[in-house]
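Descriptive analysis of the structure
Next come the chains, spelled out residue by residue.
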Amino acid sequence: MKARPIIFAALAASVLAVPAPVIAQDNNDELRIRKLEAEVRALQRRVFPGSDGRFFEPEITGTPASTATNNATSTTAVTDILSRLGALETQIQRLTATTERNENAIGILTERLDSMESGSSSGSLPEGTVSAPSTVPATSLTPAPTTTQQTGAQAATTPAATGPSAERLEAVQAIAKPQSDDPADDEYSYGFRLWNAGFYPEAQQQLAMFIDRYPSHWRVTYGRNLLGRAYMDDNKPREAAPWFLNNYQADKTAARAGDSLLYLSEAMIALEDTQRACIALSEFAETYPALASGRLQGQYERNRARVTCN
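Treat the numbers as computed from the prediction; the structure is a model and nothing was measured.

1. Regarding helix α14 (residues 297-306)
- Taken together, the buried positions of α14 are occupied by Q299, Y300 and N303. An end-on view of α14 places all buried positions within 100 degrees of arc, on one side of the element. Across α14 from its buried face, at more than 90 degrees, point the exposed residues R302 and A305.

2. With respect to the state of the cysteines
- With the rule as written, the count across this model stands at 1 disulfide.
- The residue that forms a disulfide with C278 is C309, at a sulfur-sulfur distance of 2.0 Å. Because the torsion about its S-S bond is -90 degrees, the bridge between C278 and C309 counts as left-handed. With C278 in helix α12 (residues 274-287) and C309 in the segment after α14, the pair connects residues that are 31 residues apart, well separated along the chain.

3. Examining the pattern of salt bridges
- If you walk through the whole model with that rule in mind, you get 6 salt bridges.
- A salt bridge links E202 to R168; its shortest N-O distance comes to 2.7 Å. With E202 in helix α8 (residues 200-213) and R168 in helix α6 (residues 166-173), this pair connects stretches of sequence that are 34 residues apart.
- A relative accessible area of 29% means that R168 is categorised as partly exposed.

4. Some points on the nonpolar core
- By size, the foremost hydrophobic cluster in this structure holds 46 residues, and its most contacted members are L194, L227, L261, L264, F284 and Y288.
- Mapped onto this core, the elements with two or more residues apiece are α7 (183-196), α8, α9 (220-233), α10 (237-250), α11 (257-270), α12 and α13 (289-292).
- Sort the elements by how many residues they give to this core and α11 lands first, with 8 residues.
- Excluding residues within four positions of it along the chain, Y288 makes contact with Y248, K252, A257, G258, L261 and E283.

5. Topic: the confidence of the model for the chain
- For the chain, per-residue confidence averages 74 on the pLDDT scale, and residues scoring 70 or more make up 51% of the total.
- Across the chain, element-level confidence peaks in α9 with a mean pLDDT of 97 and bottoms out in helix α5 (residues 152-157) with 41.
- Scored below 50 in pLDDT, residues 53-63 shows 11 contacts in the model against residues more than four places distant or in partner chains.

6. What to know about the packing of α7 against α9
- For the pair α7 and α9, interaxial distance at closest approach is 11 Å and the crossing angle is 20 degrees. The angle between the axes of α7 and α9 places the two elements in the roughly parallel class. Pair α7 / α9 crosses with left-handed handedness. Residues Y188, F192 and W195 of α7 touch α9, and the partners they reach there are Y222, G223, L226, R229, A230 and D233.
- Partitioning the contact of α7 with α9 into residue classes produces 6 nonpolar, 1 polar and 2 charged.

7. Observations concerning the packing of aromatic side chains
- Enumeration over the complete set of coordinates arrives at 9 aromatic pairs.
- Between the aromatic rings of W218 and Y222, the centroid separation amounts to 6.1 Å while the plane-to-plane angle is 80 degrees, which identifies the pairing as edge-to-face.
- Given the relative accessible area of 18%, Y222 is considered buried.
- Relative to Y263, the ring of F244 lies with its centre 5.5 Å away and its plane at 15 degrees, an arrangement referred to as stacked. Highlighted residues: F244 in helix α10 and Y263 in helix α11, separated in sequence by 19 residues. In terms of burial, F244 and Y263 fall into one category: buried.
- Sitting over the face of the ring of Y222, R219 holds its NZ or CZ atom 5.2 Å from the ring centroid.

8. Description of the side chain of E187
- Summarising the element assignment, E187 is placed in helix α7.
- When near neighbours in sequence (up to four residues on either side) are disregarded, E187 contacts K177, Q206, M209, F210, R213 and Y214.

9. Notes on the packing of α7 against α8
- Two numbers describe how α7 lies on α8: the axes approach to 8 Å, and their chain directions differ by 160 degrees. Of the possible angle classes, the one that applies to α7 and α8 is roughly antiparallel. Once α7 is placed against α8, the crossing between them reads as left-handed. Note on element contacts: α8 touches α7 through Y200, E202, A203, Q206, L207, M209, F210 and R213, opposite A184, E187, Y188, Y190, G191, F192, L194 and W195.
- Classifying every residue of the contact of α7 with α8 by side-chain character gives 11 nonpolar, 2 polar and 3 charged.

10. Thoughts on α7
- With 14 residues, α7 should cover 20 Å at 1.5 Å per step; its first-to-last C-alpha distance of 20 Å lies within 8% of that length.
- Counting buried residues in α7 gives 10 out of 14 residues, a clear majority hidden from the surface.
- Residues A184, D185, D186, E187, Y188, S189, Y190, G191, L194 and W195 constitute the buried set of α7.
- Structurally, α7 contributes buried residues whose contacts are with α6, α8 and α9.
- Of the residues one or two after α7, G198 is the one with positive phi, at around 90 degrees.

What counts, and at which threshold
Residues numbered from 1 in each chain as written. Predicted model: local features only at pLDDT ≥ 70, side-chain atom pairs only at ≥ 80, totals over all residues. Heavy atoms only, no water. Buried < 20%, exposed > 50% of the residue type's maximum accessible area, 1.4 Å probe, protein only. Helix = DSSP H or I, 4+ residues; strand = E, 2+ residues; numbered from the N terminus. Arc of directions from axis to C-beta. Disulfide = S-S within 2.5 Å. Salt bridge = Lys/Arg side-chain N within 4 Å of Asp/Glu carboxyl O. Core = buried A, V, L, I, M, F, W, Y, C linked by side-chain atoms within 4.5 Å. Contact = heavy atoms within 4.5 Å. pLDDT = per-residue confidence, 0-100. Axes fitted to C-alpha atoms, helices over the stretch in contact; angles between N-to-C directions. Parallel < 35°, antiparallel > 145°, perpendicular 65-115°, else oblique. Left-handed = near helix turned anticlockwise from the far one by under 90°. Nonpolar A, V, L, I, M, F, W, Y, C, P; charged D, E, K, R; others polar. Phe/Tyr/Trp six-rings, centres within 6.5 Å; stacked < 30°, edge-to-face > 60°. Lys NZ or Arg CZ within 6 Å of the ring centre and 35° of its normal. Expected span 1.5 Å × (residues − 1).

Here's what the structure looks like:
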């Protein structure tokens, strides 16, 4: 605030520097002084905006144009950013909802295709049945496909698939499902009970459901092996073979991987595929010598006796 006294001092010095006689003689000097004072006040307003109104009267009121423009520009920029962020969030929500709908639709279509593919070979399966593994790598152990053709007369005499009888439904319902703190183990154990009671189709459905829902559970190696056995006991070695092979290849150190490889040889023997049966037996003896001479020795020797391997 030192500039104001300096300006006043300069003005006073300039006024005092004028000789008194000259002021008295020239009537225009008074007008010139008033003009200078007005100019000084205007200069003070520029140098000290917003100062005490007792010293200078405001000539311009309201917000300066530059300040208003800056505030408007700033407000407009912030509002624009918020609007764009809101639009992006809305688009993301729409894309997320669309993706979820598409995934659900794909899941439903996949289940329907699986049911159609399963139904084309073994009739209509109950809801929830999982088809045999389709991602098993092609190896020398994979059973060779067979083609069966039916004549018109044979096709005409084939009986239509019928549902289970009331007596069978009642017998299946009589088998209690375990209820523990491990739901996955309960599902497997229920499948085991169905298989142990001789209800092979029901066991196949239950075990396939367990494998599909709990692919990482520690019981899954038991589930795949038992599902293959349920097909074998149902006189369906071709359906059993992929499950045995998949269980062996998924984890060769798993608890039932060796069992599945040995059962795979039995499935090949049932399909009269001696070459693949011998390959499975040879790989079993090489990979699991402790099982071949221990827990599974009897089964291994019986299978070896059923085929002649080079």
